[in-house]
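Architecture and fold: a report
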Amino acid sequence: MADVIEIENEITILCEGLADQNFIKKIIEVRGGLPPIDFLPPSIYYGRDRFDQMLIALKGTGVSFSRIKGVLIIADSHDEPASTFRYIRDQIRSVRDYPFLRNYCCQRRQRLDIPA
Amino acid sequence: MGKVVAKGYPVDEQSTHKSTRGGAGIRRILPGAQESMRTSEYRMIESVEIQNFRAFKQTEMRGLSRVNVIVGDNGVGKTALLEALFIATASNPEIATRFRQWRGADNPAATGTAQEIYDGLFLDLFHNMSRDSIPFISVTGSANDSRSLRIFYDVGEPTVLPFDTTPRHPALSGYTPITFEWKDAEGAITKSTPRLQAGGLAIPPLPPVTLDASFIAARAPFPTSQNARWFSEFSKRGREKKFISAMQAQFEYIESLTVEVDMGNPVLFVKLPWIESKMPIYLASDGMNKLMTILLHIAHSQGTSTFIDEIENGVHHSRHPRLWEQLLTFADEYDTQIFAATHSWEYLQAGAPLIEKFPDDFTLLQVYQEDGISDVTVIPGKNAGAAIASDLEVRVKRKR
């Protein structure tokens, strides 16, 4: 039986998978100074196609969900930030229980050989 | 990796949840499910308001469904929630005295003044055990069967002293009684004021209820004779087979289930292949007896509700998935709404696939407490099923 994940903090970060999650955790650990953060995905929902399911599940934590002040979704843009944004935004919109963004904001590409 | 900045952008939609009624596809999908016995629209409690009942100060619940699973830490009010719903759904103050027994109170000879004895029986129903905190429970039903209950110290009721030849108990002096006042959807009021007498508590006769809600307490013994009588009633109408099939689906080795007379009382007996004679079901297996009790209560409470405290107790975890299916199947067939409390993560996990399959038929009620006040969060089946399937904790802990 998998460990039960308790959502305890005010910030939750949703990643595409455990590899991304570990990467982000390491960045936060090195950077320091951030408040405690909970991470998803849990055991069964992962991938950029499953953010909607993660959001549905997160709301199912009820009282824990009511204490959350922010959910940060981190997805690989695959060098297509606009379409990635729309794809993720449409998942958020389909859940219907969350506010979502109309427009995206991304860092301008500085060099042609390095993606934004 | 790209970054999406999530600050300062307009909100397009706010969180909304619209409650839905029970799904229609269950009978076609679940094994063992049969054609529904219902002829009219499904009856159930859709919303509840509780004021000043035990640790609940002010609570509202909307979006209830056919199977409502109650979770929460110890001592936050799961059982109190079941009690509130049961006493509002039923129509007899005697139920309040059962709560004491179910919670483990024994019944020593009452001593003290009449008021002390009376308060000892009923004051715990009042929030903070304060006479001024008048309990009020309102349930809104789906079939014009809404009703409410108010419990209050009735200063307008005179104290009646028993008029008999036996020496009067010195404690039976003046006291202020409590009145239970039920009001139905048409505004008709049913009142009952229990009174102390030398022999005990006298409860005035009340009109019989047409729909009989039922309660399976966590600590009380299973009602052996009652189960046998209910089974016999179904058997007389040729409807015992679905109980036997359900029991055999869980315990495939059961050869028969019959009502026999044991020490002058009706008792359910089970025939097992490795024993020549039949044996009482309570001797065969506690889990078997528990399952039969649950199924009979659901069937008996046709058109109203069954309340089950600590549903998982006594049932092996391997039988949990089928228990979930049987709950839903029987609730559907008998038009019974279920409220079941559990502590068990295994039990919740076993139900996740069914909850995700029929999200409109399930609701998770998270009972929690802050600063000694109980409250409830209603989680739709869609969210609850996904959370449990994702191993996200839904059994909220007590917060001081």
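Residues numbered from 1 in each chain as written. Chains lettered and ligands numbered in written order. Predicted model: local features only at pLDDT ≥ 70, side-chain atom pairs only at ≥ 80, totals over all residues.

**Regarding the overall build of chain B**
Counted only if it meets this: Each helix corresponds to a stretch of at least 4 residues labelled H or I by DSSP, and each strand to a stretch of at least 2 residues labelled E; elements are numbered beginning at the N terminus. The exposure scheme places C-beta atoms from the backbone and then counts, for each residue, the other C-beta atoms within 10 Å of its own, assigning buried at 20 or more, exposed at 12 or fewer, and partly exposed in between. Here contacts are defined at the residue level, using C-beta atoms placed from the backbone and a cut-off of 7 Å between them.
Each helix and strand counted, chain B has eleven helices and 17 strands in total. Expressed as a percentage of the 400 residues in chain B, the buried residues total 40%. Partitioning the contacts of chain B with sequence separation of at least 6, the portion at a separation of at least 24 is 70%.

**Some points on unusual backbone geometry**
All names here are of chain B. With a phi angle near 50°, arginine 54 is a residue other than glycine that sits in the positive phi range. Judged by C-beta crowding, with 21 C-beta atoms within 10 Å, arginine 54 ranks as buried. Although it is not a glycine, glutamate 310 sits at a positive phi angle of roughly 50°. Of note, glutamate 310 is situated in the loop between β14 (305-308) and α9 (320-334). The exposure class of glutamate 310 is partly exposed, given the 18 C-beta atoms found within 10 Å.

**Description of the sheet that holds strand β1 (residues 11-14) of chain A**
Residues and elements named next belong to chain A. How we decide: DSSP bridges decide pairing: two strands pair if at least two such bridges lie between them. Inter-axis angles, ranging from 0 to 180 degrees, are taken between N-to-C directions of lines fitted to C-alpha atoms, where helices are fitted over the stretch in contact.
Strand order in the open sheet formed by three strands is β2-β1-β3, and the pairing between neighbours is parallel. The outermost strands of the open sheet, each flanked by one partner alone, are β2 (37-40) and β3 (70-73). Neighbour-to-neighbour, the strand axes of the sheet open up by a mean angle of 25°, direction not taken into account. Note that β1 and β3 share four bridges and pair parallel. Counted as the bridge partner of isoleucine 13 is leucine 72 from β3. Contacts from helix α2 (residues 51-59) reach β1, β2 and β3, with the element oriented near 155° to β1.

**Things to note about the pairing of strand β7 (residues 189-192) of chain B**
Residue and element names in this part refer to chain B. Across four bridges, strand β6 (residues 178-184) lies against β7 in antiparallel orientation. Within the sheet, the bridge partner assigned to phenylalanine 180 lies in β7 and is serine 192. Hairpin connection between β6 and β7: a loop of four residues separates the two successive antiparallel strands, and glycine 187 in this loop has a positive phi of roughly 90°.

**Concerning helix α4 (residues 81-95) of chain A**
All names here are of chain A. Formally: What a helix should span is 1.5 Å times the count of its residues minus one. Taken from the helix axis, the directions to the C-beta atoms give the arc we talk about.
In a regular helix each residue adds 1.5 Å, so 15 residues correspond to 21 Å; α4 covers 21 Å between its end C-alpha atoms and thus fits that length. When we look at burial in α4, the residues that qualify are Pro81, Ile88, Gln91, Ile92 and Val95. Buried residues of α4, seen end-on, are gathered within an arc of 100° and therefore sit on one face of the element. Along α4, the residues that are exposed and aim more than 90 degrees away from the buried face are Ala82, Ser83 and Asp90. Residues of α4 that are buried in the fold lie against α2 and β3.

**Remarks on the packing of helix α5 (residues 224-236) of chain B against helix α8 (residues 286-300) of chain B**
Any two packed helices are characterised by the angle at which their axes cross and by the distance between the axes. Residues and elements named next belong to chain B. To keep it simple, the criterion reads: When describing relative orientation, an angle under 35 degrees is termed roughly parallel and one over 145 degrees roughly antiparallel, while 65 to 115 degrees is termed roughly perpendicular and anything else oblique. Helix crossings get a hand from a simple test, with the near helix turned counterclockwise from the far one by less than a right angle marking a left-handed crossing and a clockwise turn marking a right-handed one. For this classification, Asp, Glu, Lys and Arg are treated as charged, while Ala, Val, Leu, Ile, Met, Phe, Trp, Tyr, Cys and Pro are nonpolar and the rest, including Gly, are polar.
The contact between α5 and α8 brings their axes to 10 Å, and the two run at 55°. When the interaxial angle is binned, α5 and α8 end up oblique. The handedness of the crossing between α5 and α8 is left-handed. Only Met292, Thr293, Leu296, Ala299 and His300 of α8 make contact with α5, whose side of the interface consists of Asn227, Trp230, Phe231 and Phe234. By residue class, the composition of the contact of α5 with α8 is six nonpolar, three polar and no charged.

**Examining the nonpolar core**
Residue and element names in this part refer to chain B. Quick note on the threshold: By our criterion, buried Ala, Val, Leu, Ile, Met, Phe, Trp, Tyr and Cys residues that link up through C-beta atoms within 7 Å make up a nonpolar core. Here the limits of each domain have been adopted from an automatic or database domain assignment.
The biggest cluster of nonpolar side chains holds 122 residues, and the ones touching the most others in it are Ile70, Ala84, Leu85 and Leu295. If you count residues domain by domain, this core takes at least three from each of domain 1 (48-202) and domain 2 (220-284). Apart from the residues within four sequence positions on either side, isoleucine 70 is in contact with Lys78, Leu81, Phe339, Ala340, Ala341, Leu365 and Val367.

**Section: the environment of valine 259 of chain B**
Within the secondary structure, valine 259 of chain B is located in strand β11 (residues 256-262). Here valine 259 of chain B is in contact with Ala228, Phe231, Ser232, Ser235, Pro266 and Leu268 of chain B, once residues within four sequence places are set aside.

**A short note on the packing of helix α6 (residues 241-250) of chain B against α8 of chain B**
Residues and elements named next belong to chain B. The contact between α6 and α8 brings their axes to 11 Å, and the two run at 145°. Along this stretch, α6 crosses α8, giving a crossing that reads as right-handed. Contacts between α6 and α8 involve Phe243, Ala246, Met247 and Gln250 from the former and Leu291, Met292 and Leu295 from the latter. Tallied by class, residues from the contact of α6 with α8 come to six nonpolar, one polar and no charged.

**Brief notes about the sheet that holds strand β13 (residues 279-280) of chain B**
All names here are of chain B. Across the sheet, three strands lie side by side as β11-β12-β13; this open sheet has antiparallel pairing. Two strands in the sheet have a free side with no partner beyond their single neighbour: β11 and β13. Relative to β13, strand β12 (residues 265-271) is paired through two bridges, and the arrangement is antiparallel. Residue pairing for β13: phenylalanine 269 is matched across the bridge by proline 280. Together, β11 and β12 form the strand contacts of α5, whose direction differs from that of β12 by roughly 75°.

**Concerning α5 of chain B**
Residue and element names in this part refer to chain B. Between its first and last C-alpha atoms α5 spans 18 Å; for 13 residues at 1.5 Å apiece the expected length is 18 Å, and the two agree. By the burial criterion, the buried members of α5 are Asn227, Ala228, Trp230 and Phe231. Axial view of α5: buried residues confined to an arc of 165°, hence all on one face. For α5, the exposed residues set more than 90 degrees away from the buried face come down to Ser225 and Lys236. Each element contacted by the buried residues of α5 is listed here: α6, β11, β12 and α8. One or two residues past the end of α5 sits glycine 238, with phi positive at roughly 70°.

Purely geometric stuff here, so don't read any function into it on its own.
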